[in-house]
Amino acid sequence: MPHLDPERFALVAVGEAVTDAEQEHLATCDACAIELAGLEHTVAVGRSTVSLGELETPPERVWDRILDEVRSQSAAASDASTAASAAAPAPAAAPAPAAAPAVAPVPVENEQPERPRTRRGGRMLFTLAASIAAVLAIVGVWNLVRAPQSVEIASATLAAFPDHPGATGTAQVTELSDGERTLTVSLDDSDDGDGFREVWLITEDASALVSLGELDGRKGTFVVPADVDLRDYVLVDVSQEPLDGDPTHSGDSIVRGQLDFS
């Protein structure tokens, strides 16, 4: 069986099953086995970066250097072959054979015909570079289409104020892989009241507060401003606000709770 095709190397490296014939060839061909092992390692390294967020795109000069290296290796191999052919002396003219009794050829035991040697160095380097580029492209596409990874960093149980008995709520702070933080608030309150509900972040001593927006319904998710330190703004508050155009807190809190950081 001939050596594996470069496209097959890339597909097998990212997880496609090998055929029986390919498996038999890999078991006997060290060159293909080593090349496949290198690509599989590259894929493993690429997949290990999935949790690191968006990968930085290499500048064009990186690809230019890879191509220059591959081309220089191929040119060096070609020049060496040409020089070796030019340096070989021309065969001398054979003298006219003298008459001699015929002699039977003497067989040589275990003589094996010499196999022609092929140069695969340049081709292997080019194949490896092309396969690595394909693997990096696959990893890049995966990072673009995959859902952003998120982790919960804090939560709170929201307790009712005396004017709103029976109201309960919860709050969870989630941080995305790009660093953005969101606050998800759930409110269970049978008394809808007049006006609307608003979600706030308040410092522990209530000396400062930040509005995150209106809670439409019983659950909402809000982006936490990048300049808000949640270690300072540890209180989550849901208030009942009248339709009076006043952006300040009404003083009528429904539920409130302190964030507990995990």
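Residues numbered from 1 in each chain as written. Predicted model: local features only at pLDDT ≥ 70, side-chain atom pairs only at ≥ 80, totals over all residues. Heavy atoms only, no water.

**As for the nonpolar core**
(1) Moving on: In terms of nonpolar packing, the biggest core is built from 24 residues, with Leu158, Leu183, Val185, Val199, Leu201, Val236 and Val238 touching the most fellow members.
(2) Moving on: Counting only elements with at least two residues in this core, the list comes to strand S1 (150–160), strand S2 (168–176), strand S3 (181–188), strand S4 (196–202), strand S5 (209–215), strand S7 (235–241) and strand S8 (253–258).
(3) Moving on: Top contributing element to this core by residue count: S1, with 4 residues.
(4) Moving on: With residues up to four places along the chain from it excluded, the contact list for Leu158 reads Thr168, Gly169, Thr170, Ala171, Val185, Val236, Val238, Val255, Arg256 and Gly257.
(5) Moving on: Of all hydrophobic cores here, the second largest spans 9 residues; its members include Leu4, Val12, Cys29 and Val43. (Core = buried A, V, L, I, M, F, W, Y, C linked by side-chain atoms within 4.5 Å. Buried < 20%, exposed > 50% of the residue type's maximum accessible area, 1.4 Å probe, protein only. Helix = DSSP H or I, 4+ residues; strand = E, 2+ residues; numbered from the N terminus. Contact = heavy atoms within 4.5 Å.)

**So, the packing of aromatic side chains**
(1) Moving on: Evaluation of the coordinates by the stated rule reveals 0 aromatic pairs.
(2) Moving on: One Lys or Arg, Arg231, reaches over the ring of Phe261 and ends 3.9 Å from the middle of that ring. (Phe/Tyr/Trp six-rings, centres within 6.5 Å; stacked < 30°, edge-to-face > 60°. Lys NZ or Arg CZ within 6 Å of the ring centre and 35° of its normal.)

**Quick look at the pattern of salt bridges**
(1) Moving on: Tallied over the full model, the rule gives 3 salt bridges.
(2) Moving on: Residue Arg218 is joined to Asp188 by a salt bridge in which the shortest nitrogen-to-oxygen separation is 3.6 Å. Taken together, the residues Arg218 in the loop between S5 and strand S6 (219–223) and Asp188 in strand S3 connect sequence positions 30 residues apart.
(3) Moving on: For Arg218, a relative accessible area of 45% puts it in the partly exposed group.
(4) Moving on: Asp237 is paired through a salt bridge with Arg256; the nearest N and O atoms lie 2.8 Å apart. Within this pair, whereas Asp237 is found in strand S7, its partner Arg256 is found in strand S8, the two being separated by 19 residues in sequence.
(5) Moving on: Among the residues examined, Asp237 registers a relative accessible area of 0% and is labelled buried.
(6) Moving on: On the basis of relative accessibility, which here comes to 26%, the residue Arg256 falls in the partly exposed class. (Salt bridge = Lys/Arg side-chain N within 4 Å of Asp/Glu carboxyl O.)

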